[in-house]
Amino acid sequence: MQRLRVILKVSLVLLLCLISLSIPIDGFAAAKEPGSTSWRFSKQIELESKAAYQHFYLDNEVYGQAAVDLRDLRIMNGSGEFIPFYIDSEAEAIEESVVSYTSSLVRTARKGRDTLFDYKIIPIRENTDIQGNTLVFDLPEEAFLKHVQVFGSYDGNTWELLKKSDLYSTDGLNQNRIELEATYKFSHFRLLVKDNIENLNFGKLQLLHNNRELRMTSYLRLQTPNYEIKQEGNRTEINVHNKDHLKVSKIILQSSGNFTRSYELLDDSGKGIGTKGSGELYRMDFKDARIEAADIVPSTVVTSSFKIIIYNHDDAPIKISGINTEYLVDKLVFAESGAGPYQLRYGNVEASTPQYDISNFKDLIEAGDVGLATLGAENTVLKEITSAKSNGFFNKMGFNAVIIVVSLLLIIILARKMKAQ
């Protein structure tokens, strides 16, 4: 009976040893912040001013590691909790918000070799301000190229020079609009056509106010992408890389010489991408002027790598010295509750798009005081987690080793007692 008791004791000790080997010691540790084992990257959000709400723009590193649709973005506070935010993406605004004004020609006058055209803008409604940033003219039927100056006035008497530009129509190419540098509330505009010896008539003017184009400026960035140019027969193929999935909104070709070429824009699968404009690239240098349209503007933003095919026919290839791309960035807005420091987390393929109430108050938030924040350096969260797990593993092994040693000592003591009996 005594021997049986001893055997039971030994068996119990061995059982405890086996159990200790199977218990993960990190299971007793405090829970990690939500998503710490799933979000692979983080960036510190640096607040530059005090405001109830803060906003910051995403950078190339975030686009390169986050999901293309940004569904895995999260903002974490100092307590390790995810907090509400919304994304303001100008790329989502497909329809342009344009207000159009007509005008009446109130005066035409000769000034030496130049001609003045004065227009009065017709308001849409009485007692409302006129606002405009683009002038569109009806062009004469003749082929021409004219240097022009645009002036603005509140009363038709005192004029302010706004911009110098060109208007032209030649070989099927034309320029009939002038983009102003800002939105103006002038009720009168003047067009000064330089050296108008042909007495060309510019009798009609349309004033446009394009809200979207002005808003987009804060979302635009410029970069020089990696690309390769090769000649295939009578066409030039340009492969442009976009590994970070940036939202490319314009491709700018730096070129020289005179040319007119048709082109195609293809995505990385070879599918055609629609573009704005005539579908032609051209550049013509004259003695004192240049007619140029060497920009490619996709109908929608391009987030993949892409290819430009330029058809040269029997002409020599265009001399392209460089390529730049304009791309749109997204803005994130969140409430600053004093619970910082804040982090941006991203890089989780299993994440889904979060739904927060804050997006319903976007207009009210934007109308108030919103501070500007910036993103710090990218940190790899996965390495930190792996390191923590490794430390936990070694701690667990050490703990289990102590238990095994103690168990062996107990077994030896019990065995000696059995012999003594």
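From a predicted model like this one, the values you see are computed outputs, not experimental measurements.

Draft legend 1. How the structure looks around the overall build of the protein. Along the backbone of the protein there are 5 helices and 28 strands. In the protein, once contacts between residues fewer than 6 apart in sequence are set aside, the share between residues at least 24 apart is 79%. Of the accessible surface of the protein, which amounts to about 23,900 Å², a share of 52% is contributed by carbon and sulfur atoms.

Draft legend 2. Highlighting the environment of Glu232. Note that Glu232 resides in strand β17 (residues 227-232). Separated by 79 residues in the primary sequence, Glu232 and Tyr311 place their C-alpha atoms 9.9 Å from one another.

Draft legend 3. Representation of the pattern of salt bridges in the model. Under the definition given, this model contains 22 salt bridges. With its nearest N and O atoms 3.2 Å apart, the salt bridge here joins Asp118 to Arg107. One end of the pair, Asp118, is in strand β8 (residues 114-121); the other, Arg107, is in strand β7 (residues 103-111), with 11 residues separating them in the sequence. Its relative accessible area of 39% is what places Arg107 among the partly exposed residues. The residue Arg283 makes a salt bridge to Asp285 at a minimum N-O spacing of 2.8 Å. Assessed through its relative accessible area of 33%, Asp285 is described here as partly exposed.

Draft legend 4. Broad picture of the sheet that holds strand β10 (residues 144-153). Reading across the sheet, the 6 strands line up as β7-β8-β14-β10-β11-β12 and stay open at both edges, with antiparallel pairing between neighbours. At either margin of the open sheet sits one strand with a lone partner, and together these are β7 and β12 (173-175). Ignoring which end each strand starts from, the neighbouring axes of this sheet average 20° apart. The sheet contact formed by strand β11 (residues 160-170) and β12 spans 3 bridges and is antiparallel. Of the residues in β12, the one forming a bridge with Thr170 is Leu173.

Draft legend 5. Structural view of the sheet that holds strand β4 (residues 82-83). Here we have 8 strands laid out as an open sheet, ordered β4-β3-β27-β1-β28-β2-β26-β5, and mixed in their pairing. Pairing within the sheet leaves two strands with one partner each, and these edge strands are β4 and β5 (85-88). Pairing analysis gives 3 bridges linking strand β3 (residues 74-76) to strand β27 (residues 342-346), with the strands arranged antiparallel. Its bridge partner lying in β27, Ile75 is registered against Leu344.

Draft legend 6. Spotlight on the pairing of β10. Of all 10 residues in β10, 8 are buried, a share of seventy percent or more. In the sheet, β10 pairs with β11 via 9 bridges, with the strands oriented antiparallel. From the neighbouring strand, His147 faces β11, where its bridge partner is Asp166. The antiparallel hairpin formed by β10 and β11 contains 6 residues in its connecting segment, where Gly156 sits at a positive phi of about 85°. Both β10 and strand β14 (residues 188-193) contribute to a ladder of 6 bridges, which runs antiparallel. Residue Val148 lies in a different strand from β14, and its bridge partner there is Val193.

Draft legend 7. The arrangement of the packing of aromatic side chains in detail. Under the definition given, this model contains 12 aromatic pairs. For the pair Tyr154 and Phe186, a centre-to-centre distance of 4.6 Å together with 55° between the ring planes defines the contact as tilted. Residue Tyr154 is found in the loop between β10 and β11, and its partner Phe186 is found in the loop between β13 (177-184) and β14; the two are separated by 32 residues along the sequence. A ring pair is formed by Tyr184 and Phe186, whose centres lie 5.4 Å apart and whose planes are at 15°; its orientation type is stacked. With a relative accessible area of 18%, Tyr184 lands in the buried category. Members of the aromatic cluster, joined through ring pairs, are Tyr154, Tyr184, Phe186 and Phe189.

Draft legend 8. Geometry of unusual backbone geometry. Of note, the bond from Gly340 into Pro341 is cis; its omega dihedral lies within 30 degrees of zero at 0°. Mapping Pro341 onto the fold places it in the loop between β26 (331-335) and β27. Notably, Asp195 is not glycine yet its phi reads approximately 50°, a positive angle. Along the chain, the position of Asp195 falls in the loop between β14 and β15 (205-210).

Draft legend 9. Quick look at the environment of His55. Topologically, His55 is positioned in strand β2 (residues 53-57). Judged by its relative accessible area of 12%, His55 falls in the buried class. Distance from His55 to Val333, taken between C-alpha atoms, is 4.3 Å for residues 278 residues apart in sequence. If we ignore the near neighbours within four places in the chain, the residues touching His55 are Lys331, Leu332, Val333, Val370, Gly371, Leu372 and Ala373.

Draft legend 10. Looking closely at the side chain of Asp118. Accessibility expressed as a relative area gives 5% for Asp118, which makes it buried. A polar contact is formed between the side chain of Asp118 and the side chain of Arg190, at a distance of 2.7 Å. Contact partners of Asp118, with chain neighbours within four places excluded, come to Ser104, Leu105, Val106, Arg107, Trp159, Phe189 and Arg190.

Draft legend 11. Inspection of the confidence of the model for the protein at higher detail. Chain-level statistics for the protein give a pLDDT mean of 84 and a share of 79% at 70 or above. No element of the protein has a lower mean pLDDT than helix α1 (residues 2-22), at 47, and none a higher one than β14, at 98. In this model residues 10-36 is a low-confidence stretch, pLDDT under 50, and it forms 33 contacts with partners more than four residues away in sequence or in other chains. Every residue in residues 383-394 is under pLDDT 50, and counting partners more than four places away or in other chains gives 5 contacts.

Draft legend 12. Representation of the nonpolar core. Core analysis: the biggest nonpolar cluster contains 25 residues, and Ile45, Phe56, Leu58, Leu73, Ile75 and Leu344 have the highest contact counts within it. Take this core: its biggest share by element is 3 residues, from β27. Sequence-distant contacts of Ile45, that is, excluding residues within four places in its chain, are made with Phe56, Ile75, Phe334, Tyr342, Gln343, Leu344, Ala373, Thr374 and Leu375. Residues Tyr119, Phe189, Leu191 and Phe202 belong to the second largest nonpolar core, which totals 23 residues.

What counts, and where the lines are drawn
- Residues numbered from 1 in each chain as written.
- Predicted model: local features only at pLDDT ≥ 70, side-chain atom pairs only at ≥ 80, totals over all residues.
- Heavy atoms only, no water.
- Helix = DSSP H or I, 4+ residues; strand = E, 2+ residues; numbered from the N terminus.
- Contact = heavy atoms within 4.5 Å.
- Areas by Shrake-Rupley, 256 points an atom, 1.4 Å probe, with all protein chains shown as cover.
- Salt bridge = Lys/Arg side-chain N within 4 Å of Asp/Glu carboxyl O.
- Buried < 20%, exposed > 50% of the residue type's maximum accessible area, 1.4 Å probe, protein only.
- Pairing = 2+ DSSP bridges.
- Axes fitted to C-alpha atoms, helices over the stretch in contact; angles between N-to-C directions.
- Phe/Tyr/Trp six-rings, centres within 6.5 Å; stacked < 30°, edge-to-face > 60°.
- Polar contact = N/O pair within 3.5 Å; in protein donor to acceptor, adjacent residues only side chain to side chain.
- pLDDT = per-residue confidence, 0-100.
- Core = buried A, V, L, I, M, F, W, Y, C linked by side-chain atoms within 4.5 Å.

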